[in-house]
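Chain by chain, the residues:
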Amino acid sequence: MNDRPERREAGLATRFVHTGFERDPATGAVTPPVYRAVTFHQDDPWHPDRYDYSRSGNPTRAALENAVAELEGGCRGFAFASGNAALTAVILLFSAGDHLLVTRDCQGGTQRLFRMVFSRLGIDVTYVDTHDPDQLTRALRPNTRAVLAENFSNPFLFVTDIAALAEWAHGHDLLVVVDNTFITPAGQNPLRLGADIVVHSATKMMAGHSDVTAGVAVARDPAWAERLYGIQNATGGILSPDDAYQVLRGLHTLPVRLDRASRGADRLAHWLLEQPGVTAVYYPGLPQHPGHAVARDTVRTFGPIVTCRLSDPDRAPDFVRALQLVEVGAGFGGTETVCSVAALHCHGALTPDERRVRDITPAVMRFSVGLEDPDDIIADIAAALERAGLS
Ligand SMILES: Cc1ncc(COP(=O)(O)O)c(C=O)c1O
């Protein structure tokens, strides 16, 4: 009888700590060395080793790429200099004449990318609510090639059922790309639900300390991975080894930070509901949110982002200027709580008309809840509401 204990499958937090890098065989180091070398010597250039030139491959970047690929359940990952560089590489998989369906309520930078760059190159886009199958079906054209779903959406946090989307899309021969920045690989793994490619702005929760700009794309299938690699190598928007190291370090604590920040966000969302100066609160953890049931069934956490609408847009500047602990600006997913004025920050890249149809008025505030004590965050927001005459 073999009485050796059965090997348990590692839990989520364990996998995030131990993935991507096995101890350095040369030194025993438990974190990866940062390889800044651009050129890697070839003993026999006719039979090249794995690395030859850093744009084409770098061991530190590979440690991050392998880690995210493994955590997302894909076959290969690619790290870029920003989330938008990762998105650009993915969109470059398509050609002039192709048409894509994209989440209407997506980050401003994605919409600017299509408006300023890809529309000129002949790639057409229709914005739809990717959580609404009827809208998807109505928007379909003979030249539609893919759906790009941002989940949760931004800033109103609509929730797309990725498994249902993938089933529908594959039935129409479409590629499914999911921007998983908001939920992170600790909250949901779209590739395991049927998506083909997942994209991240690693600048946000993944790196997690507001000190690095980075992006990652992961493909589920080797054929798409090969094409993405070709684009990464050809266009060269790669992540530096130092920044790759920073993101890898952030990954180790991601489940812990996500869990803590999500609990703070949940407290803030419930508290905001009670405030007379707030007319709407958008948070998938609230039972009244339209995406609550899907989120409850498909993600591990409701996430750190809470959006709300102030009752009086004219008082928004006073509210924002009165915040003291909460930072004000673009970006999210750091250790500090940040308030973004949606019309100026996360959706400042939209035209006034694009904001109007999406109902992004000056009263819309998006909070990224950090790791401070939730009581302190709430006290700061309460004081600012009061000073702005919104309490
Ligand atoms: C969902 C989402 N995807 C992509 C990006 C772009 O990322 P980056 O700022 O790293 O280029 C952002 C930026 O806010 C984002 O929110």
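Calculation criteria
- Residues numbered from 1 in each chain as written.
- Predicted model: local features only at pLDDT ≥ 70, side-chain atom pairs only at ≥ 80, totals over all residues.
- Heavy atoms only, no water.
- Near = heavy atom within 4 Å.
- Polar contact = N/O pair within 3.5 Å; in protein donor to acceptor, adjacent residues only side chain to side chain.
- Areas by Shrake-Rupley, 256 points an atom, 1.4 Å probe, with all protein chains shown as cover.
- Helix = DSSP H or I, 4+ residues; strand = E, 2+ residues; numbered from the N terminus.
- Nonpolar A, V, L, I, M, F, W, Y, C, P; charged D, E, K, R; others polar.
- Buried < 20%, exposed > 50% of the residue type's maximum accessible area, 1.4 Å probe, protein only.
- Contact = heavy atoms within 4.5 Å.

Asker: What should I look at first to understand the site of the ligand in this one?
Answerer: Close contacts around the ligand come from 14 residues, with Gly83, Asp179, Ser201, Thr203 and Lys204 the closest. The backbone of Gly83 places a nitrogen or oxygen atom 2.8 Å from an oxygen atom of the ligand. Here a nitrogen atom of the ligand and a side-chain polar atom of Asp179 are 2.6 Å apart. Protein burial of the ligand: of its 390 Å² of free accessible surface, 84% is covered by the chains. Element by element, the count of residues in the shell around the ligand is highest for helix 3 (residues 83-91), at three residues. Taken together, the residues of the shell around the ligand sort by class into three nonpolar, eight polar and three charged.

Asker: Looking at this structure, how should I read the side chain of Gln42?
Answerer: With respect to the helices and strands, the residue Gln42 is situated in the loop between helix 1 (12-18) and helix 2 (59-72). The exposure class assigned to Gln42 is buried, which follows from its relative accessible area of 18%. A polar contact of 2.9 Å, which involves the side chain of Gln42, links it to the backbone oxygen of Tyr51. Ignoring anything within four residues of it in the chain, the contact list for Gln42 reads Pro48, Asp49, Tyr51 and Asp52.

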